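The primary structure of each chain is shown beneath.
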Amino acid sequence: MPPRPETEGRVRRFSRPVRWVHRTTAALMLTCVATAACLYVPQLAELVGRRLLVVTVHEWSGLLIPVPLLAGLTARSLRADLGRLNRFGPHDRQWLRAVRRRDHRPASRPAGKFNAGQKLYAAWIAGAVLVMAGTGLLMWFTGLAPLMWRTGATFVHDWLALAIGIVLGGHVAMALADPEARRGMRTGSVERRWARREHPLWREPGERSLEDQ
């Protein structure tokens, strides 16, 4: 039986659980960033009003950020992707050197399913979320720590929030510049030609990845 036209030349990249975790986490992160902006930017605070409601939404959306990932760990596909994100090999160092030299040739930027930039972003954002959760809890429950600790937590929380906003903006900008990558996260599949060009060490499900050899 011949393949359907819409699937010809395409390869599965992300499973449904992976896409669900990504979308839900992204929605919670954007809610956190938007509510933080409404709390700290006077013009937005005046425009939105209802500060108590904004604070409540900000607190709970922040606490819920890890939940989609924890729930998604029941899926083998998500655990496999996390394992790939946690492995940093020689090809990743070559990718970073090419970025430093502004060498855009595909041959100079070998990548498995995830390139070195995506791996660094995932590690950084995971660490940032943990720090934000810890400092946020110290700010929320004032009886957890002395005033000096809470003052330091507020300082770290505020400046790290700004850094997260900037990094998320860069992440969104790069996604907007790559329609096929967005399609992969939206539908779960990408063009084989794109996969071979952008992630040459990655192979289709069922094949042994060159990054693992």
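Residues numbered from 1 in each chain as written. Predicted model: local features only at pLDDT ≥ 70, side-chain atom pairs only at ≥ 80, totals over all residues. Heavy atoms only, no water.

Participant: Explain the packing of aromatic side chains here, please?
Facilitator: In this description, an aromatic ring pair is defined by two values, namely the gap between the centres and the angle between the planes. If you walk through the whole model with that rule in mind, you get four aromatic pairs. Considering the side-chain rings of Trp-60 and Trp-140, the 5.6 Å spacing of their centres and the 85 degrees angle between planes classify their relative orientation as edge-to-face. With Trp-60 in helix H3 (residues 51-64) and Trp-140 in helix H7 (residues 116-140), the pair connects residues that are 80 residues apart, well separated along the chain. Owing to a relative accessible area of 27%, Trp-140 belongs among the partly exposed residues under this scheme. Here the aromatic cluster, defined as three or more aromatic residues joined through ring pairs, consists of Trp-60, Trp-140 and Phe-141. Above the plane of the ring of Phe-114 lies Arg-13, whose end atom (NZ or CZ) is 5.8 Å from the centre. Directly above the aromatic system of Trp-95 lies the positively charged group of Arg-109, at a separation of 5.6 Å from the ring centroid. (Phe/Tyr/Trp six-rings, centres within 6.5 Å; stacked < 30°, edge-to-face > 60°. Helix = DSSP H or I, 4+ residues; strand = E, 2+ residues; numbered from the N terminus. Buried < 20%, exposed > 50% of the residue type's maximum accessible area, 1.4 Å probe, protein only. Lys NZ or Arg CZ within 6 Å of the ring centre and 35° of its normal.)

Participant: Explain the packing of helix H1 (residues 16-40) against helix H5 (residues 76-85) here, please?
Facilitator: Each pair of packed helices gets described by two things: the angle between the helix axes and the distance between those axes. Packing of H1 against H5 brings their axes to within 7 Å, and their N-to-C directions diverge by 70 degrees. Taken together, H1 and H5 sit at an angle that is classed as roughly perpendicular. Once H1 is placed against H5, the crossing between them reads as right-handed. Judged by residue contacts, Pro-17, Val-18 and Val-21 of H1 engage Ser-77, Leu-78 and Asp-81 from H5. By residue class, the composition of the contact of H1 with H5 is four nonpolar, one polar and one charged. (Axes fitted to C-alpha atoms, helices over the stretch in contact; angles between N-to-C directions. Parallel < 35°, antiparallel > 145°, perpendicular 65-115°, else oblique. Left-handed = near helix turned anticlockwise from the far one by under 90°. Contact = heavy atoms within 4.5 Å. Nonpolar A, V, L, I, M, F, W, Y, C, P; charged D, E, K, R; others polar.)

Participant: Could you clarify how one ought to interpret helix H6 (residues 90-100) in this entry?
Facilitator: Two residues of an α-helix separated by three or four positions point the same way, owing to the 3.6 residues in each turn. Of all the residues in H6, the buried ones are His-91, Asp-92, Trp-95 and Ala-98. On an axial view of H6, the arc spanned by its buried residues comes to 120 degrees, and they lie on one face. The outward face of H6, more than 90 degrees from its buried face, is lined by the exposed residues Pro-90 and Arg-100. Those residues of H6 that are buried are in contact with H7. (Arc of directions from axis to C-beta.)

Participant: Looking at this structure, how should I read a nonpolar patch on the surface?
Facilitator: Taken together, the side chains of Trp-60, Leu-63, Leu-64, Val-67, Leu-137, Phe-141 and Leu-144 define a hydrophobic patch exposed on the protein surface, amounting to about 630 Å² of accessible area. Examining the composition of the nonpolar patch, we find that three residues originate from one element, H3, more than from any other. For Leu-63, a relative accessible area of 32% gives the class partly exposed. (Patch = residues over 30% accessible without salt bridge, like charges linked within 9 Å, V, L, I, M, F, W, Y side chains within 5 Å. Areas by Shrake-Rupley, 256 points an atom, 1.4 Å probe, with all protein chains shown as cover. Salt bridge = Lys/Arg side-chain N within 4 Å of Asp/Glu carboxyl O.)

Participant: Before we go on, may I ask you to explain the side chain of Arg-109 in this structure?
Facilitator: When you line up the elements, Arg-109 lands in the loop between H6 and H7. Asp-103 provides the closest opposite charge to the buried, unpaired Arg-109, separated from it by 6.1 Å. A polar atom in the side chain of Arg-109 sits 3.4 Å from the side chain of His-104. In contact with Arg-109, not counting residues within four places along its chain, are Trp-95, Ala-98, Val-99, Arg-102, Asp-103 and His-104. (Lys, Arg positive; Asp, Glu negative; His and termini not counted. Polar contact = N/O pair within 3.5 Å; in protein donor to acceptor, adjacent residues only side chain to side chain.)

Participant: Just checking my understanding: could you explain the packing of H1 against H3 for this structure?
Facilitator: Between H1 and H3, the shortest axis-to-axis distance is 9 Å and the interhelical angle comes to 150 degrees. Considering their axes alone, H1 and H3 lie roughly antiparallel with respect to each other. Where H1 crosses over H3, the handedness of that crossing is left-handed. Between H1, through Leu-28, Thr-31, Cys-32, Thr-35, Ala-36, Cys-38 and Leu-39, and H3, the contact on the second element is made entirely by Arg-51, Val-54, Val-55, Val-57, His-58, Ser-61, Gly-62 and Leu-64. Counted by class, the contact of H1 with H3 contains nine nonpolar, five polar and one charged residues.

Participant: Just checking my understanding: could you explain H1 for this structure?
Facilitator: The end-to-end C-alpha distance of H1, which contains 25 residues, comes to 36 Å, matching closely the 36 Å that a straight helix rising 1.5 Å per residue would cover. Within H1 the residues assigned to the buried category are Val-18, Arg-19, Val-21, Leu-28, Met-29, Cys-32, Thr-35, Ala-36, Cys-38 and Leu-39. (Expected span 1.5 Å × (residues − 1).)

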